[in-house]
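Each chain, letter by letter, is given below.
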Amino acid sequence: MSANKNTQTERRIIYLVLLVAVALPLIFPIGWKTEVSSYTKMAWELIENTPDSSVVLFSFDYDPSTITEIQPMAEAMLEHSFSRNQKIIAVALWPQGVQMADQAFTVALKKYPEKKYGVDYVNLGYKVAGIVAIQAMGKSMQEVFPSDQSGTKYENIPMLKKVKTLKDVAYICSLSSGTPGIKEWVMAARDPLGTPVTGGTTAVSAPGLLPYVNSQKQLYGLLGGLKAASEYETLINKIGSATIKMDAQSIAHLLILVFIIIGNIKAFYSRKRGAQ
Amino acid sequence: MKYKIPLVFAFVCGILVVISEFIPHRPFNMLITTLQDWFMIISGFAILLGQISLFQANIKKIKEKNKDWPFYLAGLISFTVMLIFGLLWGTQEYRGIFGQGEKIQATVGMKPFDYLFANAFMPLSSTMFSLLAFFIASAAYRAFIIRSFESNLLMITAVIVMLGRTSFGGMLTSWLPEGLKFLHLPNLSDFIMEFPNSAAQRAILISAALGIIGSSLRIILGIERSYLGGEK
């Protein structure tokens, strides 16, 4: 009973210390610099080297639970794409991805207010069926999305005049936190059609997707978690939410390391007492 | 008959999809396009079915006063409120039955559905996901203990990756000379992710793919019938 109570007390102390450690850097930012990894650089290079006026596709395959990690990536990548004068098609394979896209565009448009809906960007909305919807987009975009979010017919949207299938987009950027997401875009768009795919995901999902960043370039780089989002912000010279939150995440990681050390010291003394 | 017709459908559709991958020409490419359209239509109905099922399951639990029934009630009320607001005043892009709800928009700044989405659903969802950090911290304290060779290996890897994924980790070893840059924490962390991690992930991916092929064949050939329900 006493051991159980001790464990509960320890857990509460850990929660409290972590809460304070995460909150303080958010209130008083430290400003630690983040080094850019090769995966982030690769994704940045794909957008950077895509010619002006190319039509590109962003897929918002996540919901509000993961906005802390993925929304800063979406905002930074949209801003980068706008800065290269690319025309952006937004779609969503997750129902709440539509709202995520709207919010990301709202932020990006503050920096690029001259961008016009239908000419420079369009939100085609949500489509059910995941990988099958992607396969269908590979045959006809118009059949899958007969109109955009506001009901404008596909053929009446100026920037979509020359976009018949997924083969007509310069690259696909999937921001995903599960299934359907990046893996489905690789399987149904990159492999059969050859359209380059890049994207961003949560830190916990990234290890499962790294095998796709290979010599065949199934994935052109990958942004994994808040750190990658802050790396991307560094690359486009932006001090965004990821850069600010990165201090808090760094402190949290360090604190977890301290907890591991304390846990080991405690286990060592427990074993020693047991042996005696 | 109740089971035979779905089994025949599953066999014919499954075989058609497999053949179309190897012969992407008429008539298979046309048939597969039709099947894809069917799948998207059925998936749309599945959402509706899910909502009905959610209602039925929750109402049953509330009626029977199951454990934690007030939470099921809260879920149902939230669902109904969002549904009604969405139907009556629409969302950002769509009109509702009562139009655009200009008066409400003038008061709260956006439509009721969008207001609740932005100010209730989004913060609540993020909070649920953020709670993971507390559990991870507590689990790390109890689990990463030096016991054996394997546990040591796990702990050392975890420490390197964790430090390598922070801004502070990079600063810790930034003084290393060029010849020892491979020991730089972010580089070490990237190495672990790129080679040992990717190798293990590939093995898992290949095993999972083989498993999917096996279970798909069982479904196509009618050996696996649990998806039909009822019959064992």
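Starting from 1, residues in each chain are numbered consecutively following that chain's sequence as written. Chain labels run from A onward and ligand labels from 1 onward, assigned in the order the entries are written. Given that this is a predicted model, residues contribute local features only at a pLDDT of at least 70 and side-chain atom pairs are listed and counted only at 80 or more, while totals for whole chains, interfaces and linings are drawn from all residues. The basis for every side-chain value is the complete set of heavy atoms in the structure, and neither hydrogens nor water enter the calculation.

Peer 1: Give me the sheet that holds strand β2 (residues 87-92) of chain A: which residues, what numbers.
Peer 2: Residue and element names in this part refer to chain A. Only strands joined by at least two bridges in the DSSP assignment are considered to pair. Numbering goes from the N terminus for both helices and strands, where a helix is a DSSP run of H or I of at least four residues and a strand is a run of E of at least two. As summarised here, the arrangement of the six strands in space is β3-β2-β1-β4-β5-β6, forming an open sheet in which the pairing is parallel. A single partner strand is all that each edge strand has here, and the edge strands are β3 (121-126) and β6 (223-224). For β2 and β3, the ladder comprises five bridges, and the chain directions are parallel. Looking across to β3, one finds that Val 91 is bridged to Gly 125. Contact between two residues is taken to exist if any of their heavy atoms lie within 4.5 Å; hydrogens are not considered. Only the stretch in contact is used when a helix axis is fitted, and all axes are lines through C-alpha atoms; the angle between N-to-C directions ranges over 0 to 180 degrees. Together, β1 (55-61), β2, β4 (172-176) and β5 (197-201) form the strand contacts of helix α7 (residues 182-193), whose direction differs from that of β5 by roughly 170°.

Peer 1: Tell me about the pattern of salt bridges, and please be specific about residues and values.
Peer 2: Residue and element names in this part refer to chain B. One speaks of a salt bridge when a side-chain nitrogen belonging to Lys or Arg is within 4 Å of a carboxyl oxygen belonging to Asp or Glu. Scanning all chains against the criterion turns up nine salt bridges over all chains. Note that Asp 190 is salt-bridged to Arg 165, the shortest N-O span being 3.3 Å. Taken as a pair, Asp 190 in helix α8 (residues 185-220) and Arg 165 in the loop between α6 (149-164) and α7 (167-172) lie far apart in primary sequence, 25 residues in all. Here the term buried applies to any residue with accessible area under 20% of the maximum for its type, exposed to any over 50%, and partly exposed to those in between, with areas from a 1.4 Å probe on protein chains only. Judged by relative accessible area, which is 16%, Asp 190 ranks as buried. With relative accessibility at 23%, the residue Arg 165 sits in the partly exposed group. Notably, a salt bridge pairs Arg 218 with Glu 224, separated by 3.9 Å at the nearest N-O pair.

Peer 1: Go over the confidence of the model for chain B with me, naming the residues and quoting the values.
Peer 2: Looking at chain B as a whole, the pLDDT averages 89, with 99% of positions reaching at least 70. The complex model carries a pTM of 0.90, and its ipTM stands at 0.85. pLDDT measures how confident the predictor is about each residue, on a scale from 0 to 100.

Peer 1: Can you break down the side chain of A:Ser177 residue by residue, with the values?
Peer 2: Residues and elements named next belong to chain A. As for its position among the elements, Ser 177 is in the loop between β4 and α7. Within the structure, Ser 177 has its side chain in polar contact with the side chain of Thr 66 (distance 3.5 Å). With residues near it in sequence (within four places) discarded, Ser 177 still touches Asp 61, Tyr 62, Asp 63, Thr 66, Ile 70, Trp 94, Thr 201, Thr 202 and Ser 205. Whenever a nitrogen or oxygen atom comes within 3.5 Å of another N or O atom, the pair is scored as a polar contact, on the condition that within protein one atom can donate a hydrogen and the other can accept it, and that pairs from neighbouring residues in sequence are kept only if both atoms are in side chains.

Peer 1: Mind laying out the pairing of β1(A), listing which residues take part and the relevant values?
Peer 2: Residues and elements named next belong to chain A. β1 sits mainly inside the fold: seven of its seven residues count as buried. Taken together, the five bridges between β1 and β2 define a ladder with parallel strand orientation. Within β2, the residue paired with Val 56 across the bridge is Ile 88. Note on handedness: a clockwise path from strand one over the helix to strand two, with the strands aimed away from the viewer, defines a right-handed crossover. Since β1 and β2 lie parallel, the crossover through helix α3 (residues 67-83) that links them has a hand, and here it is right-handed. Pairing between β1 and β4: five bridges, direction parallel.

Peer 1: Residue-level account of empty space enclosed by the protein, with values.
Peer 2: The way it works is a 1 Å grid over only the protein atoms, where trapped points that fit a 1.4 Å probe form a cavity and open points with protein on both sides within 12 Å along at least five of seven lines form a pocket, and then any residue with an atom within 4 Å of a point lines it. Grid points are joined across faces, edges and corners, and a volume is the space filled by probe spheres set on the points. For the coordinates displayed, the defined rule picks out one cavity of 30 Å³ or more. Roughly 50 Å³ of volume is contained in the largest cavity. Every element with two or more residues in the lining of the largest cavity is listed here: α6 (141-144) of chain A together with α2 (28-63) of chain B. Considering each element in turn, the lining of the largest cavity owes the most residues, four residues, to α2(B). Classifying every residue of the lining of the largest cavity gives three nonpolar, three polar and three charged. Note on residue classes: Ala, Val, Leu, Ile, Met, Phe, Trp, Tyr, Cys and Pro are nonpolar, Asp, Glu, Lys and Arg are charged, and everything else, Gly too, is polar.

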